[in-house]
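Listed below are the residues making up each chain.
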Amino acid sequence: MKRRYRVVRGEVVLGYVGFDDQWPCEPFEPTGAFYKVKALFDKEHELGRLAGEVDEKMDAERFEQLMSEADAIMDEIIAPGIRFEALEKILCSFDCDQLSIFEGRVCWR
């Protein structure tokens, strides 16, 4: 994988983002530090998946509860700050306010 960005949470490098022009998201290459917080990302992803299932059933109360829990996990994920540091001259580094990592992929906003 050609590395395009270094993903930094606070002062800790979680891993690297590559590029493969496939949906969804981009490939993620974790560092050892990622595994210390992997459970947060797994929980946020699972809550989002469950909310999607509940929403289809039109259980608005349960949907809101799951989304609220997912938002709280996301707040915890991004609390130290998330920075994508460009590893190629043609790219720009940037901060983001949402970061999901699941199934070897990374998505951000």
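Residues numbered from 1 in each chain as written. Predicted model: local features only at pLDDT ≥ 70, side-chain atom pairs only at ≥ 80, totals over all residues. Heavy atoms only, no water.

1. Structural notes on the pattern of salt bridges
Moving on, step 1. The full count for this structure, using the stated rule, is eight salt bridges.
Moving on, step 2. Two residues, Glu 88 and Arg 4, come together in a salt bridge whose shortest N-O distance is 3.8 Å. Taken together, the residues span a long stretch of sequence, with Glu 88 in the loop between strand E4 (82-86) and strand E5 (94-96) and Arg 4 in the segment before strand E1 (5-9) at a distance of 84 residues.
Moving on, step 3. Between Asp 95 and Arg 83 there is a salt bridge, with the nearest N and O atoms lying 3.1 Å from each other. One end of the pair, Asp 95, is in strand E5; the other, Arg 83, is in strand E4, and 12 residues separate them in sequence.
Moving on, step 4. A network of salt bridges, in which partner residues are shared, links Lys 2, Arg 4 and Glu 88. (Salt bridge = Lys/Arg side-chain N within 4 Å of Asp/Glu carboxyl O. Helix = DSSP H or I, 4+ residues; strand = E, 2+ residues; numbered from the N terminus.)

2. Describing the pairing of strand E7 (residues 105-108)
Moving on, step 1. Here strand E3 (residues 26-30) runs beside E7; their pairing, made up of two bridges, is antiparallel. If you follow Pro 27 over to E7, its bridge partner there is Arg 105.
Moving on, step 2. In this structure, strand E6 (residues 99-102) lies alongside E7, joined through four bridges in antiparallel fashion. Bridge pairing in E7 places Ser 100 opposite Cys 107.
Moving on, step 3. Counting the residues between successive antiparallel strands, the hairpin from E6 to E7 contains two residues, one of them, Glu 103, with a positive phi of roughly 50°. (Pairing = 2+ DSSP bridges.)

3. Examining the state of the cysteines
Moving on, step 1. In this structure the tally under the stated criterion is one disulfide.
Moving on, step 2. At a sulfur-sulfur separation of 1.4 Å, the disulfide partner of Cys 25 is Cys 107. A residue pair is termed long-range when its members are at least 10 positions apart, and Cys 25 in the loop between strand E2 (12-17) and E3 and Cys 107 in strand E7 qualify at 82 residues.
Moving on, step 3. Counting only cysteine sulfurs, Cys 96 is the nearest neighbor of Cys 92, a cysteine outside any disulfide, at a range of 15 Å.
Moving on, step 4. For Cys 96, which is in no disulfide, the shortest distance to another cysteine sulfur is to Cys 107 and amounts to 11 Å.
Moving on, step 5. You can call Cys 96 buried: its relative accessible area is 10%. (Disulfide = S-S within 2.5 Å. Buried < 20%, exposed > 50% of the residue type's maximum accessible area, 1.4 Å probe, protein only.)

4. Some remarks on the environment of Leu 87
Moving on, step 1. Relative to the elements of secondary structure, Leu 87 occurs in the loop between E4 and E5.
Moving on, step 2. Residue classification places Leu 87 among the partly exposed residues on the basis of a relative accessible area of 34%.
Moving on, step 3. Note: C-alpha distance between Leu 87 and Val 17 (70 residues apart in sequence) is 9.6 Å.

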